[in-house]
Structure formats: structure tokens, C-alpha cells
Amino acid sequence: MKVLVTGASGFLGRRVVAALVRAGHAVRALLRPGHDPDALGLDPSVEPYLADLRHAPDLVDAFDGVDAVVHLAAAMSGSDAVRFADTVVATERLFDAMAETSVRRLVLCSSFSVYDWEQARGEVDESLPLRERPYDCGGYASAKVWQER
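Residues numbered from 1 in each chain as written. Predicted model: local features only at pLDDT ≥ 70, side-chain atom pairs only at ≥ 80, totals over all residues. Heavy atoms only, no water.

1. Focus on the sheet that holds strand E3 (residues 47-50)
And then number 1: One open sheet accounts for five strands, arranged E3-E2-E1-E4-E5; its pairing is parallel. Two strands bound the open sheet, and with one partner strand each, they are E3 and strand E5 (105-108). Taken over all neighbouring pairs, the strand axes of this sheet differ in orientation by 20° on average, direction set aside.
And then number 2: Relative to E3, strand E2 (residues 26-31) runs parallel, the two sharing four bridges. Residue Ala29 lies in a different strand from E3, and its bridge partner there is Pro48. (Pairing = 2+ DSSP bridges. Helix = DSSP H or I, 4+ residues; strand = E, 2+ residues; numbered from the N terminus. Axes fitted to C-alpha atoms, helices over the stretch in contact; angles between N-to-C directions.)

2. Some thoughts on the pairing of E2
And then number 1: With respect to burial, E2 is a largely interior element, five of its six residues being buried.
And then number 2: In terms of strand pairing, strand E1 (residues 2-6) meets E2 through five bridges, oriented parallel. Residue pairing across strands places Thr6 opposite Leu30, the latter belonging to E2. (Buried < 20%, exposed > 50% of the residue type's maximum accessible area, 1.4 Å probe, protein only.)

3. A look at the nonpolar core
And then number 1: Grouped together as the largest cluster of nonpolar side chains are 18 residues, with contacts concentrated most on Leu4, Leu30, Leu53, Phe63 and Val69.
And then number 2: Looking at which element gives the most residues to this core, the answer is helix H2 (residues 80-99), with four residues.
And then number 3: When residues no more than four places from it in sequence are discounted, the contact partners of Leu53 are Thr6, Leu30, Leu59, His71, Ala73, Ala90, Arg93 and Leu94.
And then number 4: Counting residues in each nonpolar core, the second largest holds 14 residues, with Val5, Leu20, Val21 and Leu40 among its members. (Core = buried A, V, L, I, M, F, W, Y, C linked by side-chain atoms within 4.5 Å. Contact = heavy atoms within 4.5 Å.)

4. Overview of the environment of Leu72
And then number 1: Examined against the element boundaries, Leu72 turns out to sit in the loop between strand E4 (68-71) and H2.
And then number 2: Among the residues examined, Leu72 registers a relative accessible area of 15% and is labelled buried.
And then number 3: Counting along the chain gives 29 residues from Leu72 to Asp43, while the straight-line C-alpha distance between them is 18 Å.
And then number 4: Discounting residues that sit within four places of it in the chain, Leu72 has contacts with Val5, Thr6, Gly7, Leu12, Gly13, Val16 and Cys109.

5. Section: the packing of aromatic side chains
And then number 1: Taken as a whole and assessed by the stated rule, the structure comprises zero aromatic pairs.
And then number 2: Taking NZ or CZ as reference, Arg15 lies 3.9 Å from the ring centre of Phe11, over its face. (Phe/Tyr/Trp six-rings, centres within 6.5 Å; stacked < 30°, edge-to-face > 60°. Lys NZ or Arg CZ within 6 Å of the ring centre and 35° of its normal.)

6. Here we look at a nonpolar patch on the surface
And then number 1: Taken together, Phe112, Trp117 and Val124 make up a surface patch of nonpolar side chains, about 310 Å² in accessible area.
And then number 2: With respect to the element layout, Val124 can be found in the loop between E5 and helix H3 (139-148). (Patch = residues over 30% accessible without salt bridge, like charges linked within 9 Å, V, L, I, M, F, W, Y side chains within 5 Å. Areas by Shrake-Rupley, 256 points an atom, 1.4 Å probe, with all protein chains shown as cover. Salt bridge = Lys/Arg side-chain N within 4 Å of Asp/Glu carboxyl O.)

7. Digging into the side chain of Ser9
And then number 1: Structurally, Ser9 is set in the loop between E1 and helix H1 (11-22).
And then number 2: On the accessibility criterion, Ser9 (18% relative accessible area) is buried.
And then number 3: Within the local environment of Ser9, its side chain forms a polar contact with the side chain of His35, the two groups lying 3.4 Å apart.
And then number 4: Excluding residues that lie within four positions of it along the chain, Ser9 makes contacts with Arg14, Leu31, His35 and Leu40. (Polar contact = N/O pair within 3.5 Å; in protein donor to acceptor, adjacent residues only side chain to side chain.)

This is the structure:
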């Protein structure tokens, strides 16, 4: 299977890319322009694809030959506006491009920060309610809740 991984240069992204390669998958790593793929220590089999999800004029080409997407890209720092643009707007643009292709498999990595931890009783899974007021937890949690929507 060929997998497009967004956020491939991040802490989680580099590890997901490595795990996919170890599992025998072909990987296309979507990286922001300015990242040096060689400096990231990615496996030589990984195909870098340079694009900024917020501004790239055409993201459809990133899906050529791809069977699935693992979407990890999100902003963990910056102003609330930057976090929103880098997380929510980028996701909308990615999904718009994906809709123009035949790719229908998607894994979206969210964050534990979206959950209402006061409701947790033991194991945390998707049945745990989301925070009612994610805005009280800062720009990152707010952006991740909007990204999921």
C-alpha cells in the first residue's frame, strides 16, 4: 500500500513514517517547503513531496498512486490564528484535494487534549465526550476540535 503522510517531519510523523516503511508500505512524506528531507533522517525509500497545505495551488498531485492518507499535520505553537490556519484550514484544503481523487482511506490523528478528562473513567477511547469548551484550553485544543469537525 502507498501511504501519504502529512506532518511527516514532526515528532509523531517521523515515527509513523518509519513504522510504515518497516511494515513494508511505500510512503510519500508531505513536507513543507524549506524542509531538507535528507536532514530528517527518513528512510531512503521515502518519497518526499514538498507542499504547504495552507497555500499550495494544487495538492491533487500529492495523491497520485496513493492508497491511503495518514494526516498528522497540525500547529502546536504560534498564535491562535496560526494554529487554526495550520491545522483547520490546512485540513480543509487537504480534504478538498483528496475529494478530487479516488483515495478514500484516511487516518486522522487528533489529540487527547480534545477530550473531557473529568468524564474519564479508566480507559480513554472515542466514546469519551469532547470538551464542551475547548476554547478554555487554548488554541491547540480548539484547532484540533475544529479539525475533527
